[in-house]
Amino acid sequence: MASDNYYNYGESSGAGSTNWWIWLIAFCAAIVLGYIVYQKIRKSVLRKNQIRLTKDWVMYKVLVPKERHAGEDDQRKNFQEMLAVIEPFYANLNAMFDNTVSKRLYGQDHISLELIAKDNLIYFYVGASQKIADTVIKNLHAQYPHAEISLDKNYSIFPNKPLKIEVANLGLIKRFIFPLKTYKTLEDDPLNALSNTLSKLGEDELAGIQFLLRPTTGVWRTAGERVAFNIQHGKSRISHSNSIVARAGETFFNFLGSAGQSVQGKGEEEHSEFYNPKNPMKLTPMQENQIKLLGEKTAKLGFECQIRIVSVAPTAEQARQNTKEIASAFNQFNAPESNGLTVKYPRSKSEDIANYVFRIFGRGPRLILNTEELSSLYHLPNRFIETPNIAWLLAKKEPPPANLPKEGTTIGNSLYRGESIPIKIKEIDRLRHIYMIGKTGVGKTVLFENMILQDIKEGKGVCYLDPNGDAAEFILNRIPKERADDVIYFNPADIERPMGLNLLEWKTPEQRDFLVQEAIQIFYKLFDPGQTGIVGPQFEHWMRNAALTLMAHPEGGTLIDIPRLFTDPDFEKDRLTYVQDPVVKNFWEKQMAKTADFHKSEMLNYFTSKFGRFMTNDMMRNII
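Residues numbered from 1 in each chain as written. Predicted model: local features only at pLDDT ≥ 70, side-chain atom pairs only at ≥ 80, totals over all residues. Heavy atoms only, no water.

A. Structural detail: the overall build of the chain. Helix and strand counts for the chain come out as 23 helices and eleven strands. A burial count over the chain gives 39% of its 624 residues as buried. Counting contacts in the chain only where the partners sit at least 6 residues apart, residues at least 24 apart contribute 76% of the total. Here the chain displays about 36,800 Å² of accessible surface, and carbon together with sulfur accounts for 55% of that area. (Helix = DSSP H or I, 4+ residues; strand = E, 2+ residues; numbered from the N terminus. Buried < 20%, exposed > 50% of the residue type's maximum accessible area, 1.4 Å probe, protein only. Contact = heavy atoms within 4.5 Å. Areas by Shrake-Rupley, 256 points an atom, 1.4 Å probe, with all protein chains shown as cover.)

Pasting the structure below:
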């Protein structure tokens, strides 16, 4: 009985132990399964949130002027100093970090910095959601005050034709705690190599390099600081690998080391060769260099980044070859003692292409890069860039003056740093003169048309002389109905409906004297522009007295009637009866009456010949 009970107890204990292990395995499997499901749901939510963040995405094209030589005020003599101006831009973007729980779980707002090669030119773009776009553009303008940053919708590198697409990601060779080689240690501007590969693309070949970045917390520095501390105290070995397995192994190694030290106890620890507070451990040159590199990486603000390369070409082989050549330009950032970039092709090409199009973080490698590394990877071109295919800004734009008139006629808008300010000219300034010069097609006529239409809408009087006729028709088609009765359209070429234009018509004595003088000036411009004596004072004397005689008649007179006064005595006598000016009367009754017929006929042919083109030309005679 005792033995039976013994064996029964043993069987019962074994079954209980087996059940316990089954429950433990099931519990662990449930935890793993739950974690997998959680990660899938989280990734799905993260992707939807990323798409939501980029729903109102806008892209800005950035053009900078190419300065051949340094200005007098520019003290930057090498490319490192020129390139360093963008580093504060990245540092300022770190202020966009949102420490709320939702942003920590679902992702921070991010921006995209892109180099795009299309139409045989290389363009620089900055993209962001509309809610942070102003902040990004203002920070960029602060570092590049002469840059022209304009909203652009024609940034796609995918044409409307069947072409092959290749996409690749760039990842770090070692752990993120090690820095890339930056512009401070390079011998040439790294943009030269990147832009050179993009400039070598052939016909129907396009490419884009996309840098996605978003601010992150300073937690990433903890890993670098911990490793540096452990190296200084000889407590750990360092792993350079970027794989998850290697990092897990390093963590396990550190755990065993710390456990072993805790077992040794305090007494043994004090006698350990790795620990001596009075005599610190002496580091090897390699360890000192490692600590220096870790310090350089963690000394500046960091961003979570993804780098994509997309190539479009007629064939898949050429697209892949272009991708490899572009990726090879990033080898200049590799350093054996620190870190480097390596090409990684995605498992799902279509997914990564969609991520490129929508500017969202995907499943590709994610890099932690500080501001110095980002400045080396992406910056705007400067005078040290020799690539010929870069799209430069051909002319600088200056800001409008602060004392612009607030009233007057608008002659244009000042577009500076995305802000449009109307430029007006006061009425008193318009009365002086406006002289618009420029070659054909720059907008001289358009400027005048806009000014005239403003005057018409404001009820002002306008006179426009158009030798071509196109602008006159443009203005006529835009005259408002309320001002239709004010329009006087004078078309000299319209013979069927000629418009009468009497140069001697007057209302006040001031107008009369002014018109007589202007009529005389017309003859000077027609026959004697250099005032050599062809017209002369004798012609002026006859012309002035004849015009005043005609203008004294109630019915008035025209230029064509002036020769008739000297050839028709009856017409002269009729018009003279209305003259009240004694000086004009003396001209006819004393001077002309006492002039001999010989001298009068000699002067008459000289005088009347000047009116021939007005009298014999049908079009001019009908008008005048």
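From this point on, the discussion continues.
B. Structural view of a nonpolar patch on the surface. Where nonpolar side chains cluster on the molecular surface, the patch consists of Trp 20, Trp 21, Leu 24, Ile 25, Phe 27 and Ile 31 and spans about 670 Å² of accessible area. Inspection of the secondary structure puts Ile 31 in helix H1 (residues 2-53). (Patch = residues over 30% accessible without salt bridge, like charges linked within 9 Å, V, L, I, M, F, W, Y side chains within 5 Å. Salt bridge = Lys/Arg side-chain N within 4 Å of Asp/Glu carboxyl O.)

C. A look at helix H14 (residues 444-457). Between its first and last C-alpha, H14 extends 21 Å over 14 residues, near the 20 Å set by a 1.5 Å rise per residue. Along H14, the residues that are buried comprise Leu 447, Glu 449, Met 451, Ile 452, Leu 453, Asp 455 and Ile 456. In this structure, the buried residues of H14 make contact with strand S10 (409-416), strand S11 (419-425), helix H13 (427-432) and helix H15 (470-476). Looking one or two residues past H14, Gly 459 carries a phi angle of roughly 80°, positive in sign. (Expected span 1.5 Å × (residues − 1).)

D. Region of interest: the side chain of Gln 306. Structurally, the position occupied by Gln 306 is in strand S7 (residues 302-313). Relative accessible area serves as the criterion here: at 3%, Gln 306 is assigned to the buried category. Within the local environment of Gln 306, its side chain forms a polar contact with the side chain of Arg 308, the two groups lying 3.0 Å apart. Excluding anything up to four places from it in sequence, Gln 306 contacts Gln 210, Phe 211, Leu 212, Ile 360, Phe 361, Gly 362, Arg 363, Gly 364, Pro 365, Arg 366 and Leu 367. (Polar contact = N/O pair within 3.5 Å; in protein donor to acceptor, adjacent residues only side chain to side chain.)

E. Spatial organisation of the packing of helix H17 (residues 536-552) against helix H21 (residues 597-608). Put simply, H17 and H21 touch, their axes get as near as 11 Å, and they point 90° apart. Taken together, the axes of H17 and H21 are roughly perpendicular relative to one another. On the side of H17, the interface is formed by Gly 536, Gln 538, Phe 539, Trp 542 and Met 543, while H21 contributes Lys 600, Met 603, Leu 604, Tyr 606 and Phe 607. Along the lines of polarity and charge, the residues of the contact of H17 with H21 split into seven nonpolar, two polar and one charged. (Axes fitted to C-alpha atoms, helices over the stretch in contact; angles between N-to-C directions. Parallel < 35°, antiparallel > 145°, perpendicular 65-115°, else oblique. Nonpolar A, V, L, I, M, F, W, Y, C, P; charged D, E, K, R; others polar.)

F. Helix H11 (residues 349-358), seen in detail. Buried within H11 we find Glu 351, Asp 352, Ile 353, Asn 355 and Tyr 356. Remark: Arg 359 follows H11 within two positions and exhibits a positive phi of approximately 55°.

G. The arrangement of the pairing of strand S1 (residues 57-63) in detail. Of all seven residues that make up S1, seven are buried, and the element is covered over most of its length. As paired elements, S1 and strand S3 (residues 121-129) share six bridges and run antiparallel to each other. Paired with Lys 61 across the strands is Tyr 125, a residue of S3. Bridging between S1 and strand S4 (residues 148-151) involves four bridges; their strand directions are antiparallel. Counterpart to Val 62 in the pairing with S4 is Ile 149. (Pairing = 2+ DSSP bridges.)

H. Quick look at the pattern of salt bridges. Under the definition given, this model contains 25 salt bridges. Salt bridges sharing common partners tie together Glu 427, Arg 430, Asp 455, Glu 458 and Lys 460.

I. Main features of empty space enclosed by the protein. Scanning the model with the defined rule gives one cavity of 30 Å³ or more in all. Quantified by volume, the largest cavity comes out at close to 30 Å³. Contributing to the lining of the largest cavity are Pro 492, Asp 494, Ile 495, Pro 498, Met 619, Asn 622 and Ile 623. Broken down by class, the residue content of the lining of the largest cavity amounts to five nonpolar, one polar and one charged. (1 Å grid on protein atoms, 1.4 Å probe; cavity = no way out; pocket = protein on both sides within 12 Å on 5 of 7 lines; lining within 4 Å. Points joined across faces, edges and corners; volume = space filled by probe spheres on them.)

J. Focus on the environment of Ile 368. On the secondary structure map, Ile 368 appears in strand S9 (residues 367-370). Separated by 192 residues in sequence, Ile 368 and Phe 176 place their C-alpha atoms 5.7 Å apart. Beyond its immediate sequence surroundings of up to four residues, Ile 368 is in contact with Phe 176, Trp 220, Lys 297, Phe 303, Glu 304 and Glu 373.

K. Molecular detail of the layout of surface pockets. Counted as a void, the second largest pocket has a volume near 980 Å³. As for the second largest pocket, its lining consists of 27 residues, and the residues nearest its centre are Cys 463, Tyr 464, Ile 488, Tyr 489 and Phe 490. Element by element, the count of residues in the lining of the second largest pocket is highest for H15, at four residues.

L. Broad picture of unusual backbone geometry. With a phi close to 55°, Asp 119 is a non-glycine residue in the positive phi region. Mapped onto the secondary structure, Asp 119 falls in the loop between strand S2 (111-118) and S3. Phi at Asn 120 takes a positive value of approximately 60°, unusual for a residue other than glycine. A relative accessible area of 60% places Asn 120 in the exposed class.

M. Quick peek at the confidence of the model for the chain. Here the chain shows a mean pLDDT of 84. Residues at 70 or above account for 85%. A low-confidence stretch, residues 1-12 (pLDDT under 50), is modelled with zero contacts involving residues beyond four sequence positions or located in other chains. Here residues 244-279 scores under 50 on pLDDT; set against residues more than four positions off or in separate chains, the count is 20 contacts. (pLDDT = per-residue confidence, 0-100.)

N. Examining the pairing of S7 more closely. In terms of burial, S7 is a largely internal element, twelve of the twelve residues being buried. Of the two faces of S7, the one lined by Gly 302, Glu 304, Gln 306, Arg 308, Val 310 and Val 312 and the one lined by Phe 303, Cys 305, Ile 307, Ile 309, Ser 311 and Ala 313 are each fully buried. Relative to S7, strand S5 (residues 164-172) runs antiparallel, the two sharing seven bridges. Counted as the bridge partner of Ala 168 is Ile 309 from S7.

O. Looking closely at the environment of Asn 331. As for its position among the elements, Asn 331 is in the loop between helix H10 (316-328) and strand S8 (341-344). With 138 residues separating them in the primary sequence, Asn 331 and Ala 193 have C-alpha atoms 9.8 Å apart.

P. Region of the structure containing the packing of helix H7 (residues 220-232) against helix H9 (residues 285-298). One way to put it is that H7 packs onto H9 with a least axis distance of 10 Å and a crossing angle of 160°. On the basis of the axis angle, H7 is roughly antiparallel to H9. Along this stretch, H7 crosses H9, giving a crossing that reads as left-handed. For the pair H7 and H9, contact is made by Trp 220, Arg 221, Gly 224, Val 227, Ala 228, Ile 231 and Gln 232 and by Gln 287, Gln 290, Ile 291, Leu 294, Lys 297 and Thr 298, respectively. Residue composition of the contact of H7 with H9, by class: six nonpolar, five polar and two charged. (Left-handed = near helix turned anticlockwise from the far one by under 90°.)

Q. Here's a closer look at the nonpolar core. With 72 residues, the main nonpolar core has Ile 111 and Phe 330 as its most contacted residues. Those residues in contact with Phe 330, other than ones at most four positions away along the chain, are Leu 170, Leu 194, Ile 209, Phe 211, Ile 309, Leu 341 and Leu 377. Judged by nonpolar contacts, the second largest core, of 34 residues, contains Val 516, Ile 562, Phe 566 and Ile 624. (Core = buried A, V, L, I, M, F, W, Y, C linked by side-chain atoms within 4.5 Å.)

R. Geometry of the packing of aromatic side chains. Throughout the structure, instances matching the rule amount to 20 aromatic pairs. Sitting over the face of the ring of Tyr 356, Arg 359 holds its NZ or CZ atom 5.0 Å from the ring centroid. (Phe/Tyr/Trp six-rings, centres within 6.5 Å; stacked < 30°, edge-to-face > 60°. Lys NZ or Arg CZ within 6 Å of the ring centre and 35° of its normal.)

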